[in-house]
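Breakdown of the fold
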Amino acid sequence: MDNIEIKQTRQSWLIVCAITILGAVWRLYLFSGDGLGDDSNFFSAYYRLFISGDWQPLAYNYRIGLWLPILLLWKLFGMSEVTWILAITLSSVLCIPMTYLLGRYLFSERCGQIAALLLAVHPFDVLTSTLFVNDIPFSLYAGLAMLFFLLGIRTENRQSHINFIISAFFIWWSYMTKMWGLFTIPIFAAYSLIHYRKWKGMLIFYLSLISFFILSFLLDYCLTGNFFGYYHAELGIAGLWEVTKDTLLEYPRLMFLPNWYGKLFHGIYCWLTVPALIAAAFHWRKTYFPALWLILIFLTMEFMPQKVDFNAWYSQARIFRYLSVIVIPSCLILAFSAEAILRRRQNLGIGILLIFIAAALLQGYSLTLPSRDAYDDVRNAVRKVLTFPEKPIYSDYMMMSHLERFHFGYEGSGRVRSTREENIGKREIEFLKIRNAYVITGGARNPYYGCNHCITNIGGFGVPDHWELLRISDKPSAPWRKEPLRIWEVGESADSEQKISQYEEIHKLYEDGRQQFSEGNYTQAKELLGKLLEISIQSDVKPQAWWYYGITLMRLGDSKAALKEFNKWLIRYHGHELESEVYYHIGVCYRDTGQIGKAVNALEYVLEKFPNSSAGIGSRDVLGEIGNALK
């Protein structure tokens, strides 16, 4: 290599280092943290490994490629939320120079740099890089397997054989991080057919791959007495979805359509990858490597059966984080198209690339906002409550799990008391039984993955006098936070038993009333629900009970009385989650009482404000019936 080449290589790596630093800084700036649905399960398994070294045949423990870096980071820097997430973040950052090398060896130096830049600001990768998403380390290891396989194809003799062995190792290592490592084998099989002239190297590759898997099966048998213990352990925790039309559309929805907060998980990347993939087909001799990677991994995710019964076919559950595996090949495809534009019209290409990067940065900031905001709520509450005098602390499992794992430890978590009830009526009774403790209510927890209705919200609970509000968050309302974060100090109360009795009566009347309603006993339902509404204390079940009461009157043929109840409901509970349903039933009541103009106004209001709700769909149908009747 002459001096000019050395200088160019040095400059290229300086650019890649700058891109990698940009990616790392951007990820840390938008740090989310711990809190995805099964984070605590992973943590407790790895905590036991770290403390006692006791390996048990659990699905989480088989994932050596995941827990080994985590335990190493804990050993070096101690156990904290940051070191818990750091292995994921480092994996995401390391994917950036790896993607550069893939682009460089596949296409060109500049294409590698563009691919690295696209990955550095990819909204989805930025989001998942600071969540506990084991798909990120899996993507790193799978990408390294691809890189060394590519190097095996490009090199000769001994060096080629070494590269193929390393590639086989990383396939196995990705499998020992997540069983989806098996999903990459069809991709390598396709590459092998294309490069059949490298049959000697391929033979070494497959022999090495088989050897690694046989070794892991034998080790599994020695530890558990089962050659396929890993598979059976994974099957025990895997979420299985029956393969239907709706199931097969789930990944495309997550890739191309706004999520439940109106944000695109992948920004505009997936939308642009489709035309880029079509354009790449005209240069298939150059682009087959990332194209096959992207297409085959997607098809395998879509159709690979996890379980087959006589009447049904089940695949892996469709969870948003699984789509991390398509990010790197899509960046390579996009980089190839971007470089093609730059070669033809450099100024236009630079302009498009700058706009694309700016859009990706904005989308990344927006996409991470719900998780940053939610986990910041948890950290703020924990920091504040730990400054108070020692008392038991009550909240939902997600909040208490954070306290237990990162502050008290499993051995010293006697102060942690989780509220168990998710039923709103039973939760109110649980609130009333709390004495001499702190209670954390409201705020956000886990907006993208988890049980959001499990959050300990106050709702319509009539807060007793012995509950003192110590802190309330001033954060604005958001779709992922029904109530502001509040911290309460609960003392003693002389009349708690009486109030508990009243709430138990309300809850029983509500459950009995609903039961009678569901069985079609509307007269009995009306009597029970009416009696509940006469009780003068606040309760979170009252909006639902009142709504059921109105529908019960409709079923009894008294739409006029139902209309009166629904209008009173709107005055009392405006903004409640049942508002769309109430407006819909108001429209139906107006129709049934012959007030067609008012019926149309109410139903059109539902269509305007709640178009995608069940009430919106119902309103569309009723408006159609009214239109047909007027013809």
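Here's what I pulled together on the structure shown here. (Residues numbered from 1 in each chain as written. Predicted model: local features only at pLDDT ≥ 70, side-chain atom pairs only at ≥ 80, totals over all residues. Heavy atoms only, no water.)

With respect to the overall build of the chain
In terms of regular secondary structure, the chain is built from 26 helices and eight strands. The dimensions of the chain, computed from C-alpha atoms along their principal axes, are 90 × 70 × 55 Å. Taken across its 631 residues, the chain has 54% of its residues classed as buried. Pairs at least 24 apart in sequence give 71% of the contacts found in the chain among residues at least 6 apart. Here the chain displays about 29100 Å² of accessible surface, and carbon together with sulfur accounts for 59% of that area. Seen as two clouds, the 60 positive and the 56 negative side-chain charges of the chain have centres 9 Å apart. (Helix = DSSP H or I, 4+ residues; strand = E, 2+ residues; numbered from the N terminus. Buried < 20%, exposed > 50% of the residue type's maximum accessible area, 1.4 Å probe, protein only. Contact = heavy atoms within 4.5 Å. Areas by Shrake-Rupley, 256 points an atom, 1.4 Å probe, with all protein chains shown as cover. Lys, Arg positive; Asp, Glu negative; His and termini not counted. Charge placed at Lys NZ, Arg CZ, Asp CG, Glu CD.)

Observations concerning the packing of aromatic side chains
One pass over the structure, following the stated rule, counts 67 aromatic pairs. Between Phe43 and Phe406 the ring centres are 5.3 Å apart and the planes differ by 75°, which places this aromatic pair in the edge-to-face class. Linking Phe43 in helix H2 (residues 39-52) with Phe406 in helix H18 (residues 397-408), this pair joins segments that are 363 residues apart in sequence. Since its relative accessible area comes to 0%, Phe43 is described here as buried. A network of ring pairs unites the aromatic residues Phe42, Phe43, Tyr46, Tyr47, Phe50, Tyr60, Trp74, Trp84, Phe132 and Phe406 as a single cluster. (Phe/Tyr/Trp six-rings, centres within 6.5 Å; stacked < 30°, edge-to-face > 60°.)

Some words on the nonpolar core
In terms of nonpolar packing, the biggest core is built from 126 residues, with Tyr46, Trp84 and Leu118 touching the most fellow members. Broken down by element, this core gets its largest block of residues, 13 residues, from helix H8 (residues 135-154). Other than its neighbours up to four places away in sequence, Trp84 contacts Asp34, Asp39, Phe42, Phe43, Tyr46, Ile70, Trp74, Phe132, Arg405 and Phe406. Tyr510, Val541, Tyr583 and Leu603 belong to the second largest nonpolar core, which has 54 residues in total. (Core = buried A, V, L, I, M, F, W, Y, C linked by side-chain atoms within 4.5 Å.)

Points about empty space enclosed by the protein
Applying the stated criterion across every chain yields a total of two cavities of 30 Å³ or more. In this structure, the largest cavity spans a volume of roughly 50 Å³. Phe138, Ser139, Ala142, Thr184, Trp293, Ile297, Val325, Ile328 and Pro329 are the residues that line the largest cavity. Counting only elements with at least two residues in the lining of the largest cavity, the list comes to H8, helix H15 (284-303) and helix H16 (327-344). (1 Å grid on protein atoms, 1.4 Å probe; cavity = no way out; pocket = protein on both sides within 12 Å on 5 of 7 lines; lining within 4 Å. Points joined across faces, edges and corners; volume = space filled by probe spheres on them.)

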